[in-house]
Amino acid sequence: MAGPIHYEIYVRKHANAEWSLLMAHEDRRHSIDTAEEIIRDKIAAAVKVTKETLNPVTMEFSSISVLRLGAPDPVRKKARTEAPAGPACRAPAELYTVHARESLGAILEDWLRRQGVTAFELLHSPVLAERLDAAGVEVQHAIQKVAVPEAQATGQDLHSLLRLYQKLSDQTVEQIIKAGRRGDFIDPAVVPLAQIAENLQGDADRAFKMGGTIAHALNGLRGSRARLSALLDLCDQAPAGGALRAMVMVPVEQILCEMLAGSWNLPDLFGPSLDQGSTLAAVVRMVAPREVSAIVAHDPRLAMMVPPVEGPAARLGERLAVGEFPLVAAALAKMVLRELTSPRRLRPGDAEGEINILRALATSLTATAGRLLTLEEVQNAFIERSRLLVTADFVAAYVRGCHTVLEEAERLARLSDNVTGGTNKRSAARWLEACVSSLRFEAELCAATLPPLHRLMALRRLQRAIEGAGLAGKSAENTTETLGRIGTKIAEETRLISQIAKASVPLQQKLSALLRLAAADAAPVGKVNDMARAEAMRLLRLPETRQQMLASPEMVSALLPMMKAAGLAA
């Protein structure tokens, strides 16, 4: 006897990737539709759906392939047996490469964060080198974090690697301390920085010595605001141009990249009161001050969401705007994209505020596309973020404060307008369809105390929101049809059309109301439009109506545009 059955969807992100489980579902049709959407939206190179049946006796699943789309499985070549690679680093000089500093920053992240410094400073400061060397446990843990996975990956002897990296650490610390004792690192407060650069010209170790000089100027400074201000002061003292200026600006840029890459530095730089979304908006404004200022000038609402950039951050923004520190600008832009694609909420506890800040970020980043990021990178980031906006948790938080089901539907329509990507649009449309097609929605709309015309106009606003959000597919069509059906039911139950025709008001007012209903201006698209059109035609055929229209050309001029919209005039 077969046990429970479910369907699993596997994807390969690119042609040579391994299969990875995306989701599992109990409905076969839903699983197949999802797989087809993945291929149609080019989310993955290949997708397959398997039917998993549980054997109640052995409690094991038997798998049967139901669907397979996309690129064929790659032909795997037999791995060649190679000699194990050597250690990642053999000499102290290799620790000064960009990749090695990034690894060092990740391994010693907690210690560097407590000290408020970067890996670049650690490799150029005798004070920091001695401090880390004295913390023997930190060094041992760092060496183990490197040696253990490297030994497992390459097959090298673990104890040999531990001894090698311990020796490398001792040699590096000794080299930095000796350089400090020799006076290689000069204090810029004592000797002008331009003179230091001139004295180092032609020195084989000028990069190391200048790095130590810049790091010396940051000794004792805490907080990213004070440290950034000190670095920019050094830039002001740098030589005017040429190789001497590059000698100063290169290490400054390397420190800035590492310092601003740490998210813990941003609250001190922009203000601890800002949430994650506002902090990212401030970063974008700092990186692209001209573009964001131009956008804020045209849309003052953005000024309320994009915080101002002041102090050292504004000084750095001015330098970035003229093309200085391109690596810093690129690193900050990539950091913003990385945060957008992460599962971290931008405004925890405020789902509506998260939508607003995302619109601000989308506008700002799109304006900078081509200079810092490509338009495709920006679009992909917001497509990834939109996936989080259509999850059950976020949707529940977004509609939690709604008092009526109509308000909930209006919020879901706004959510649909703010997500991007074909799959995400269809997910948002399904949420809206579930809300509108519920018995509660129809019951509340039909039993509401609001005048019928107000309810019909609210339904028409929802239909326009669906059109404006670019929703398509079966869910969007079903929602539009449901809104039209409910509008017709409201008109029939309240006898709205006949009441308008019998109302004790001027004829022009009657015809105006009926024509607006017929043209789907004040009512959802549906049968109610035909009902209003038929009643308007009946009134227009009456002799007294024709006499009144002949006697009042102004009335004809006022009604003619509405008659054309309703299809009653050419």
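Quick caveat: nothing in here was measured; it's all calculated off a predicted structure.

What counts and how
- Residues numbered from 1 in each chain as written.
- Predicted model: local features only at pLDDT ≥ 70, side-chain atom pairs only at ≥ 80, totals over all residues.
- Heavy atoms only, no water.
- Helix = DSSP H or I, 4+ residues; strand = E, 2+ residues; numbered from the N terminus.
- Buried < 20%, exposed > 50% of the residue type's maximum accessible area, 1.4 Å probe, protein only.
- Salt bridge = Lys/Arg side-chain N within 4 Å of Asp/Glu carboxyl O.
- Expected span 1.5 Å × (residues − 1).
- Arc of directions from axis to C-beta.
- Contact = heavy atoms within 4.5 Å.
- Lys, Arg positive; Asp, Glu negative; His and termini not counted.
- Pairing = 2+ DSSP bridges.
- Axes fitted to C-alpha atoms, helices over the stretch in contact; angles between N-to-C directions.

Even after reading the chapter, I still don't get unusual backbone geometry, so can you show me in this structure?
Trans is the prevailing form of peptide bonds, just as negative phi is the prevailing case for residues other than glycine. One non-glycine residue, Lys-42, lies in the positive phi region at around 60 degrees. Inspection of the secondary structure puts Lys-42 in the loop between helix H1 (28-40) and strand E3 (46-55). Note on Lys-42: relative accessible area 74%, which makes it exposed. Despite not being glycine, Arg-495 has its phi angle at roughly 50 degrees, a positive value. Looking at the element boundaries, Arg-495 is found in the loop between helix H25 (474-494) and helix H26 (496-502).

What's the story with the pattern of salt bridges in this structure? I'm lost.
Opposite charge on two side chains permits them to pair, given that their charged atoms come into close proximity. In total, this model carries 33 salt bridges according to the counting rule given. The structure contains a network of salt bridges with shared partners spanning Asp-233, Asp-236, Arg-245, Arg-315, Arg-319 and Glu-324.

Help me understand helix H28 (residues 527-541), please; the structure alone is not making it clear to me.
Since there are 3.6 residues in each turn of an α-helix, residues three or four apart along the chain are aligned in direction. Here H28 is 15 residues long and its end C-alpha atoms lie 22 Å apart, about the 21 Å a rise of 1.5 Å per residue gives. Those residues of H28 that fall on the buried side of the exposure criterion are Val-528, Asn-529, Ala-532, Glu-535, Ala-536, Leu-539 and Leu-540. Buried residues of H28, viewed axially, fall in a sector of 140 degrees; they line one side. Away from the buried face of H28 by more than 90 degrees, exposed residues Lys-527 and Arg-541 are located. Contact partners of the buried residues in H28: H25, H26, helix H27 (507-518), helix H29 (543-551) and helix H30 (553-565).

Would you explain the side chain of Glu-253 in this entry?
As for its position among the elements, Glu-253 is in helix H11 (residues 242-261). Of the side chains with opposite charge, Arg-101 comes closest to the buried, unpaired Glu-253, at an N-O distance of 9.6 Å. When near neighbours in sequence (up to four residues on either side) are disregarded, Glu-253 contacts Phe-325, Pro-326, Leu-327 and Val-328.

Would you mind showing me how to read the sheet that holds strand E1 (residues 5-12) here?
The pairing of strands in a sheet happens through backbone hydrogen bonds and is either parallel or antiparallel. Spatially, E2-E1-E3-E4 is the arrangement adopted by the 4 strands of the open sheet, whose pairing is antiparallel. Every interior strand has two partners, whereas the edge strands, strand E2 (20-25) and strand E4 (60-70), have only one. Across the sheet, the axes of successive neighbouring strands diverge by a mean angle of 25 degrees, strand direction being ignored. Pairing analysis gives 8 bridges linking E1 to E3, with the strands arranged antiparallel.

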